[in-house]
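Chains, contacts and geometry: an overview
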Amino acid sequence: MASRHVGGHVHTRPRAAGPAPSALPALRAIQRALQSERPERERREAVEAARCLLETAEGRWLFAAGCPGEREDVVRTYRDVTVCLTRRSAPPAGDLGGGVGGETPLSAAAESPSAVAQVLQRLVRKLHEEKGQDSPAGAILDAILPPLLLFCAAHQQNAPWSSLASRRAAGELLAALLQATGCATATELLSGTAEAGHGALGAVLREMQPQADKETGKLNPASGRVLCWVLERARSPALSLHLDAALPPALLLSDDYRTNNKVLGVRCLQHIIVNVPPAELLQYNRAQVLYHALYNHLYTHEVSLVQAVLPCLLALLPVLEGPPVPGKPRAPGPSDDTLRLILTHMEAEDKIPLRRVYASHLPTFTARLGITVLRHWKRLQRVILGYLEVDDGSSDEAARLGVLRTLETVIQQAWPRVFGDRARLWLEPLLRALLRLVLDVCEGGSEAAGSREQLLQSATRCVCLLHHCSSDTVPLVLTRLVSSCDSRAVRTWLQGTQQEINSSSSGRQQLAPR
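Please read all numbers here as calculations on a predicted model, not as lab measurements.

A look at the overall build of the protein
- When helices and strands are counted, the protein shows 26 helices and 2 strands.
- Looking at the protein as a whole, 51% of its 514 residues are labelled buried.
- Only carbon and sulfur atoms are counted for the fraction: they give 51% of the accessible area of the protein, which is about 23600 Å².

What to know about the side chain of Arg400
- Residue position: Arg400 is located in helix 21 (residues 398-418).
- Residue classification places Arg400 among the buried positions, given a relative accessible area of 0%.
- In this structure the side chain of Arg400 is engaged in a polar contact, spanning 3.2 Å, whose partner is the side chain of Glu397.

Describing the pattern of salt bridges
- On inspection of all chains with the given rule, the structure shows 19 salt bridges.
- A salt bridge links Arg267 to Glu232, with the shortest nitrogen-to-oxygen separation between them at 3.0 Å. Placement of Arg267 in helix 14 (residues 259-275) and of Glu232 in the loop between helix 11 (223-231) and helix 12 (238-241) is noted, with a sequence separation of 35 residues between them.
- The partner of Asp440 in a salt bridge is Arg400, and the shortest N-O contact between them spans 3.0 Å. With a gap of 40 residues between them, Asp440 in helix 22 (residues 423-442) and Arg400 in helix 21 connect regions that are remote in the sequence.
- Each of Glu321, Arg330, Asp336, Arg368 and Arg375 takes part in salt bridges that share partners, so that together they form one network.

So, the layout of surface pockets
- A volume near 360 Å³ is recorded for the second largest pocket.
- Forming the walls of the second largest pocket are 17 residues, and the residues nearest its centre are Pro324, Val325, Pro329, Arg330 and Ala331.
- In terms of residue class, the lining of the second largest pocket is built from 9 nonpolar, 4 polar and 4 charged.

Digging into the side chain of Thr372
- Relative to the assigned elements, Thr372 resides in the loop between helix 19 (352-369) and helix 20 (377-388).
- At a separation of 2.9 Å, a polar atom in the side chain of Thr372 contacts the side chain of Arg330.
- What Thr372 contacts, discounting residues up to four positions off in sequence, is Arg330 and Asp336.

Some remarks on helix 7 (residues 164-181)
- For helix 7, spanning 18 residues, the distance from its first C-alpha to its last is 26 Å, which sits close to the expected 26 Å at 1.5 Å a residue.
- Within helix 7, the full set of buried residues consists of Ser166, Arg167, Ala169, Ala170, Leu173, Leu174, Ala176, Leu177, Leu178 and Ala180.
- Positive backbone phi, at 75 degrees, marks Gly182, one or two positions downstream of helix 7.

What to know about the confidence of the model for the protein
- Averaged over all residues, the pLDDT of the protein is 83; the fraction at 70 or higher stands at 84%.
- For the stretch residues 1-19, pLDDT sits under 50, and the model shows 48 contacts to residues farther than four places along the chain or on other chains.
- Residue range residues 96-111 is modelled with pLDDT below 50. Its contacts to residues more than four positions away, or to other chains, number 29 contacts.

Considerations on the environment of Asp256
- With respect to the element layout, Asp256 can be found in the loop between helix 13 (243-254) and helix 14.
- The spatial distance from the C-alpha of Asp256 to the C-alpha of Gly224 is 9.6 Å, given a sequence separation of 32 residues.
- Those residues in contact with Asp256 that lie beyond four places of it in its chain are Asn261 and Lys262.

Some points on the packing of aromatic side chains
- Enumeration according to the criterion identifies 3 aromatic pairs in this entry.
- Note on Phe63 and Tyr78: the rings are 5.2 Å apart at their centroids and 50 degrees apart in plane angle, and the pair reads as tilted. Of the two residues, Phe63 sits in the loop between helix 3 (59-62) and helix 4 (68-88) while Tyr78 sits in helix 4, which places them 15 residues apart along the sequence.
- Residue Phe63 is classed as buried on the basis of its relative accessible area of 1%.
- For the ring pair Tyr291 and Tyr295, a centre distance of 5.6 Å and an interplane angle of 40 degrees mean the geometry is tilted. Separated by 4 residues within a single helix, Tyr291 and Tyr295 lie in helix 16 (residues 286-297), roughly one turn from each other.
- Look at Tyr295 and you get buried, because its relative accessible area is 18%.
- Ring pairs connect the aromatic residues Tyr291, Tyr295 and Tyr299, which therefore count as one cluster.

Remarks on the packing of helix 6 (residues 137-155) against helix 7
- Here helix 6 crosses helix 7 at 150 degrees, and the two axes come no closer than 9 Å. Overall, the two elements helix 6 and helix 7 adopt an arrangement that is roughly antiparallel. Between helix 6 and helix 7 the crossing geometry is left-handed. Residue-level inspection shows Leu141, Leu145, Leu148, Leu149, Phe151, Cys152 and His155 of helix 6 in contact with helix 7, the latter providing Ser166, Arg167, Ala170, Leu173, Leu174, Leu177, Ala180 and Thr181.
- Looking at the contact of helix 6 with helix 7 residue by residue, the classes come out as 11 nonpolar, 3 polar and 1 charged.

With respect to the environment of Leu123
- Inspection of the secondary structure puts Leu123 in helix 5 (residues 111-130).
- The class of Leu123 is buried, set by a relative accessible area of 6%.
- In the structure, Leu123 is positioned 69 residues away from Leu54 in sequence and 6.4 Å away in space, judged by C-alpha atoms.
- Once residues lying within four places of it in the same chain are set aside, the contact partners of Leu123 are Leu54, Phe63, Tyr78, Thr82 and Ile144.

Considerations on unusual backbone geometry
- Following Ser236, the chain continues to Pro237 via a peptide bond in cis, the omega torsion being 10 degrees.
- Even without a glycine there, the phi angle at Tyr284 is positive, about 55 degrees.
- Take Tyr284: it is sitting in the loop between helix 15 (278-282) and helix 16.

What counts, and where the lines are drawn
- Residues numbered from 1 in each chain as written.
- Predicted model: local features only at pLDDT ≥ 70, side-chain atom pairs only at ≥ 80, totals over all residues.
- Heavy atoms only, no water.
- Helix = DSSP H or I, 4+ residues; strand = E, 2+ residues; numbered from the N terminus.
- Buried < 20%, exposed > 50% of the residue type's maximum accessible area, 1.4 Å probe, protein only.
- Areas by Shrake-Rupley, 256 points an atom, 1.4 Å probe, with all protein chains shown as cover.
- Polar contact = N/O pair within 3.5 Å; in protein donor to acceptor, adjacent residues only side chain to side chain.
- Salt bridge = Lys/Arg side-chain N within 4 Å of Asp/Glu carboxyl O.
- 1 Å grid on protein atoms, 1.4 Å probe; cavity = no way out; pocket = protein on both sides within 12 Å on 5 of 7 lines; lining within 4 Å.
- Points joined across faces, edges and corners; volume = space filled by probe spheres on them.
- Nonpolar A, V, L, I, M, F, W, Y, C, P; charged D, E, K, R; others polar.
- Contact = heavy atoms within 4.5 Å.
- Expected span 1.5 Å × (residues − 1).
- pLDDT = per-residue confidence, 0-100.
- Phe/Tyr/Trp six-rings, centres within 6.5 Å; stacked < 30°, edge-to-face > 60°.
- Axes fitted to C-alpha atoms, helices over the stretch in contact; angles between N-to-C directions.
- Parallel < 35°, antiparallel > 145°, perpendicular 65-115°, else oblique.
- Left-handed = near helix turned anticlockwise from the far one by under 90°.

Dropping the structure here:
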C-alpha cells in the first residue's frame, strides 16, 4: 500500500499488487483534510489527491463494499466527500451586490471551482461506468446528485464569483451528470418522466433548504440564483408534488431587502404560477398569499422589480378570478384593485423608465377586464391623455405606443357604453390628443423612424375606431384640417386616415377585439 501525507493526514491508494479491500480510508483522509482549518495549500493538495485517486484507481476498487453494512458506509462517505468538495468551492460569504457578468476581483476565487468540477466530473464518469454492475455506484450517484446539481447551478451563473473557466467546468460536469442519469436536459433530470418518476427536484430542494432560509440566505450570495435556476427548470407534476417545498423559499426570496433577489424571487413565483395547475394554487389560500406578496411590490419605484411583477400578476389573476361566465357581469375583484393601483401610480409617475413599464403592460390589464374596464374609465382617460402629450425620450416610444394600444383595447371592448349617448364628451378630448400626437410626431418629436411609423399607424387605428363608434364628427374634423393644414407630413397622414375610414367596409367589424 503506497501512502503520502495530505494536509497532515495519511492518504492511501492501492498499488498494482495487493490492493486494499476498500477506498474508504483514502476517502476519509481526503475528507478530513478538506474539513480541517489548515492552510489553503494543504486543502488544495487534498483536492489534487482526490483527482489522482479517481484518475488512477479502478472503479471496482473505488466502489467496493466488503459486506452489506459497508455498502451504506461507502455511499455515505462518497456523499460526505462530495459535499466537502462543493462547499470548499462555494462563493465567498457576504453581500456581493447585484452585479452580473464579466471578470471581477472575486472571480479569482473561482479558480478553485474549476479544479473541483474536474474532480467531480471524473467521479461521475467512474460511477457511470460501474453503474448496473454489482456495486453501489447507482446509489452513490443518487446520493451525490443534489449537491452536484446545486454546484452546477451556482457556478454556471454569469456572476461576480464565477469565471469563464468555472462556468465551462460546471457545464461539463452537468453534461456528465445528464449522461450518467440518461437524461437529455436538466429539466428532465429535475422533473422526471412518466417512465422514470418525478425526478430529483424534491431531493434538490431538501438539499438547498439550509442555504435558503432568512438568515443563511444573506450569507450565501448564490442562493437566490441557484433557487431560480432550479425552479425555472422544474415542471409539473414534480413541481406540484413538491410545491410546499418550492413556494416558501421563493416567497422569502421575493421579500429580500436586495432588489436583484426580489426580482429573482418574482421570477420563481411566476414560473410556479404558470406551471402548477390552478387547483393546486387555490388550495390552502396559496393564490391569495401570492397575490398579496406581489401586490405589495407595486408600491416600489424599482423599474426592474415592477417589470417583473406586472406579468406575474397577469398570470395569477386568472387563477384567482377564474374564467368569465357568459352573460354574467364580472364582480369587482383583484383585477380591479390591481388596475386601480397601477393607474394611481401612472397618473403621478414622472420617471420615464417607470412610465414606459406601466404603459407597456396596461393594454393587457384593460383587455382582461373587458367591458368592466368602464369602472376605471375616468382615471384611465386621464392617463391616456397625459401620456400622449409627453415624448418618453426613447427610440421605441414604449410609453405612447402602450397607451395607444390601451385606447384601441378600451374602444373595442367597451364602445357601446363609452361612446353611446355621451360620445361627444369623450370624443373631442381623445381626438384632440391624437391629432396633437400626430403633429408632434410629423414635426420630428419622435426621432426614430420605426417608432414614428408605429405611432402614426396606431393613431390611425384609434381615429378609425373613434369614427366607427360615433357619428360623422371625425370625417368632418379631418376634412376641415386637411384644407387648413400647412404641414405636408400631417396633411399626408390626414388624407391617408380619410382613405382608411372610407375603405372600411363595416364599422362594426373594426370594433371586434383584435
